[in-house]
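The primary structure of each chain is shown beneath.
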Amino acid sequence: MILSIKTKISLMFGITVALILTGIYFYLNPKLHDITYNNLKGRIQKHAKLVNTIISETVIHTENINRIIKLAGKNSGFRITVIGTDGRILAESNIDDIESMENHLQRVEIQDAINNGYGESIRFSTTLKQKMLYYAIPLNTGRFKGFIRIAMPLSEINSILGTVSNALFFSLLVAFFMSLIISLVVSGIISNPIKKLSLTAKQIAQGNLGSRIIHYSSDEIGELARTFNFMAGQIEARIEEITNNESKLKAILAGMFDGVMVVDNNGDIVFINKSLEKLFNVKNATGKKTVETIRNMEIYELTKEVLSLKREFVSKEIYTDTGESRILAVHASAVSRNGVVTGAVLIFHDITELRRLESIRKDFVANVSHELRTPVSNIKGYAETLAGGAINDKKHALEFSRIILTESDRLIALINDLLDLSRIESGNFTPEFRPCSIKELVFKTLPQVKKDAENKSIKLNVNIPDNVPMLKADANSIVQVLFNIIDNAIKYSHKGSIDITVSADKEFVRTSIKDTGIGIPENEIERIFERFYRVDKARSREAGGTGLGLSIVKHIILSHHGKISVESEPGRGSTFSFTLPVA
């Protein structure tokens, strides 16, 4: 049972007062008894002297003594006895038959009066059958000699003493209850501000940070209230600052492209951002174990290693397969306080594209080296042959010179294509979008390929309606696209025809170039736009292709916000189609 401070103060005050009043009672009660007893005895003494005086001054004959004694006893309430010097009873206030009474000469009080001038005793009265208090003094008036004895029942004395004790007890009891009431009022005055303080503290703990103690005194409790209000204001400011910082941090972490995960010292997930949820396709991961949410043992072991403080920072590349294969660079660092690990932060950086680009770069360097080596080697070989004396052989010298020229043209074409591709991929290529006619661009391209087509008996057919809308494009770039596609179609065809068809809708203009060449196997269609990729490498080199034309075409179309596609069947030709937005 929890006691309130008001109850505690009242209880302590009540117990203290009760102990003090009990002590007072046990101290005063005997004192009051003594005082009361002494007062009664003094009254008896005074009454005895008064009776002595009355008898001395008024009694002349013995027969009058009994009448005076009965009257005095009736008025005073005491038992009065007059005893002669021989112990015989001369008068008695309470008994009429004095002749039958015993001789009182040997009574203790009479003997003390004879010896000391007064005597007193407490004893049982055989005449009245009860304990009595006796007080006796000598009677010596000249006419009469003997003793005057005043007696009072002990029960009356005890009754008076009991009344005194009861009066004292009830007085102290009233004082106790009054002090208890006062203690309740005082404890209420003391505890009410503390109760307000407690209530305000609860409101602040429940989130009502604006709660304050409004009314307070100027004493110590008032000072405590002012200090509490100041503390509450500081707490509100700090919590608001922490909340703002937390909101900013969460916004930053949530908006990060990289995945972020925070775990506690038990490995339970405390925070996970949307990028990581999307990366591993998980939801409601907070509070779960890492191994339960992200089912990857490498990540679990990495987290475990950091939490065990084997290493404070760990970085590792991890391969995952969550629907598609990915390469992640995971950086894990421990969070510790006073040397004790309280959790860990893991950053997941998707480097799949980076690794792919690195692989492409390596392949590109290898392919460029390979592509350059062949014409350079041929040029060097034939040049060395000419320098070795073949220049004097006019027939061979002319043939070797033609080969050197062809290989030089091939090398220049390769370098030009590389420069174009590099310019496009580096972001330095910015198309100059202007309205232009696809029909005009097609007819501008045809003269560049007409001679090669005629040499191979290939017919160029153009089917472009007059009402085709204008394009929003860079004219020179689209001419380069048309040239590369048509040039490829001619190179990989022996004879037949190439059909150039244009159609349009409200948003795009579609251009299709269909040939009757060797075609492309289905499993290689997706790769033909890669740099230096050739379906038939030997034939491509014979035809003088660099392997970069279609890669350039794809980048140009994409920079125009268009699309390019291929349909092909080996032995029956291919159809290249691309779409461009209308102006």
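Everything below is about the structure printed above this text.
Draft legend 1. Representation of the overall build of the protein chain in the model. In terms of regular secondary structure, the protein chain is built from 14 helices and 17 strands. Scored against the burial criterion, the 583 residues of the protein chain give a buried share of 37%. The long-range fraction of contacts in the protein chain, counting pairs at least 24 apart against all pairs at least 6 apart in sequence, stands at 56%.

Draft legend 2. Quick peek at the packing of helix α12 (residues 475-491) against helix α14 (residues 549-559). Their axes nearest at 9 Å, the elements α12 and α14 cross at an angle of 145 degrees. In this structure, α12 crosses over α14, and the sense of that crossing is left-handed. Only Gly549, Leu550, Ile552, Val553, Ile556 and Ile557 of α14 make contact with α12, whose side of the interface consists of Ser477, Gln480, Val481, Asn484, Ile485 and Asn488.

Draft legend 3. Region of interest: the packing of helix α4 (residues 154-205) against helix α5 (residues 220-255). Running from N to C, α4 and α5 cross one another at 10 degrees; their axes reach a closest spacing of 10 Å. Classified by the angle between their axes, α4 and α5 sit roughly parallel to one another. On α5, the residues touching Ile190, Pro193, Leu197, Thr200, Ala201 and Ile204 of α4 are Ile221, Leu224, Ala225, Phe228 and Ala232.

Draft legend 4. Highlighting unusual backbone geometry. Positive phi, close to 55 degrees, is recorded for Asn281, a residue that is not glycine. Tracing the backbone shows Asn281 in the loop between α6 (274-280) and α7 (290-293). Overall, Asn281 belongs to the exposed group, its relative accessible area being 70%.

Draft legend 5. Quick peek at the packing of aromatic side chains. This model, assessed by the stated rule, comprises six aromatic pairs. Relative to Tyr135, the ring of Tyr118 lies with its centre 6.0 Å away and its plane at 25 degrees, an arrangement referred to as stacked. Placement of the pair is Tyr118 in the loop between α3 (108-116) and β3 (119-125) and Tyr135 in strand β4 (residues 130-140), with a sequence separation of 17 residues. Three or more aromatic residues joined by ring pairs make a cluster, and in this case those are Tyr25, Phe26, Phe169 and Phe170.

Draft legend 6. Focus on the sheet that holds strand β1 (residues 79-84). The strand order across the open sheet formed by five strands is β2-β1-β5-β4-β3, and the pairing between neighbours is antiparallel. What marks the edges here is a single partner per strand, and that holds for β2 (89-92) and β3. Neighbour-to-neighbour, the strand axes of this sheet turn through a mean angle of 25 degrees, independent of strand direction. Across seven bridges, β3 lies against β4 in antiparallel orientation. Looking at β4, one finds that Phe124 is bridged to Lys131. Running at roughly 170 degrees to β3, α3 makes contact with β1, β3, β4 and β5 (145-153) of the sheet. Against the sheet, α4 engages β3, β4 and β5, with an angle of about 50 degrees to β5.

Draft legend 7. Broad picture of the pattern of salt bridges. Tallied over the full model, the rule gives twelve salt bridges. Two residues, Glu298 and Lys316, come together in a salt bridge whose shortest N-O distance is 3.6 Å. Of this pair, Glu298 sits in helix α8 (residues 297-307) while Lys316 sits in strand β8 (residues 313-321), and the two are 18 residues apart along the sequence. On the accessibility criterion, Glu298 (32% relative accessible area) is partly exposed. Across the pair Lys439 and Asp466 runs a salt bridge whose closest N-O atoms are separated by 2.9 Å. Here Asp466 lies in the loop between β12 (458-463) and β13 (471-473) and Lys439 lies in helix α11 (residues 438-455), a separation of 27 residues in the sequence. Note on Lys439: relative accessible area 29%, which makes it partly exposed. Looking at Asp466, the relative accessible area reads 69%, which means it is exposed.

Draft legend 8. Representation of α8 in the model. Among the residues of α8, those classed as buried are Ile299, Leu302, Thr303, Val306 and Leu307. The buried residues of α8 occupy one face: seen down the axis, they fall within an arc of 130 degrees. Tucked into the core, α8 has its buried residues touching β6 (259-264), α6, α7, β8, β9 (325-337) and β10 (340-350). Here α8 starts with a cap whose side-chain oxygen sits 2.9 Å from the backbone nitrogen of Glu298, and that cap is Asn296.

Draft legend 9. Geometry of the pairing of strand β17 (residues 573-581). Extensive coverage of β17 is indicated by the burial of nine of its nine residues. Here β17 shows two buried faces, one formed by Gly573, Thr575, Ser577, Thr579 and Pro581 and the other by Ser574, Phe576, Phe578 and Leu580. Taken together, the seven bridges between strand β15 (residues 508-515) and β17 define a ladder with antiparallel strand orientation. In the sheet register, Ser512 faces β17, and the bridge partner there is Ser577. As judged from the seven bridges shared by strand β16 (residues 563-569) and β17, these two strands associate in the antiparallel manner. Counted as the bridge partner of Glu567 is Thr575 from β17.

Draft legend 10. Layout of the nonpolar core. Core analysis: the biggest nonpolar cluster contains 39 residues, and Ile438, Phe576 and Phe578 have the highest contact counts within it. Where this core is concerned, the elements lending two or more residues are α11, β13, α12, β14 (496-504), β15, α14, β16 and β17. Per-element accounting of this core gives the leading share, eight residues, to α12. Sequence-distant contacts of Phe578, defined by excluding residues within four places in its chain, comprise Val481, Leu482, Ile485, Val509, Arg510, Thr511, Ile557, Lys563 and Ile564. One finds Ile299, Val306, Val330 and Val341 within the second-largest nonpolar core, a separate group that totals 23 residues.

Draft legend 11. Looking closely at the side chain of Asp258. Assignment of secondary structure puts Asp258 in the loop between α5 and β6. No salt bridge is formed by the buried Asp258, whose closest oppositely charged neighbour, Arg326, lies at an N-O distance of 10 Å. A distance of 2.7 Å separates the side chain of Asp258 from the side chain of His349, its partner in a polar contact. Setting aside residues no more than four positions away along its own chain, Asp258 makes contact with Asn273, Ser275, Ile347, Phe348 and His349.

Draft legend 12. Inspection of the sheet that holds β6 at higher detail. The antiparallel open sheet is built from five strands, whose spatial order is β7-β6-β10-β9-β8. Both outer strands of the open sheet, β7 (269-272) and β8, are each paired with one neighbouring strand and no more. The mean angle between the axes of side-by-side strands here comes to 20 degrees, regardless of whether they run parallel or antiparallel. With three bridges joining them, β6 and β7 adopt antiparallel strand pairing. Along β7, the bridge assignment pairs Val263 with Ile269.

Cut-offs and rules
- Residues numbered from 1 in each chain as written.
- Predicted model: local features only at pLDDT ≥ 70, side-chain atom pairs only at ≥ 80, totals over all residues.
- Heavy atoms only, no water.
- Helix = DSSP H or I, 4+ residues; strand = E, 2+ residues; numbered from the N terminus.
- Buried < 20%, exposed > 50% of the residue type's maximum accessible area, 1.4 Å probe, protein only.
- Contact = heavy atoms within 4.5 Å.
- Axes fitted to C-alpha atoms, helices over the stretch in contact; angles between N-to-C directions.
- Left-handed = near helix turned anticlockwise from the far one by under 90°.
- Parallel < 35°, antiparallel > 145°, perpendicular 65-115°, else oblique.
- Phe/Tyr/Trp six-rings, centres within 6.5 Å; stacked < 30°, edge-to-face > 60°.
- Pairing = 2+ DSSP bridges.
- Salt bridge = Lys/Arg side-chain N within 4 Å of Asp/Glu carboxyl O.
- Arc of directions from axis to C-beta.
- Polar contact = N/O pair within 3.5 Å; in protein donor to acceptor, adjacent residues only side chain to side chain.
- Core = buried A, V, L, I, M, F, W, Y, C linked by side-chain atoms within 4.5 Å.
- Lys, Arg positive; Asp, Glu negative; His and termini not counted.

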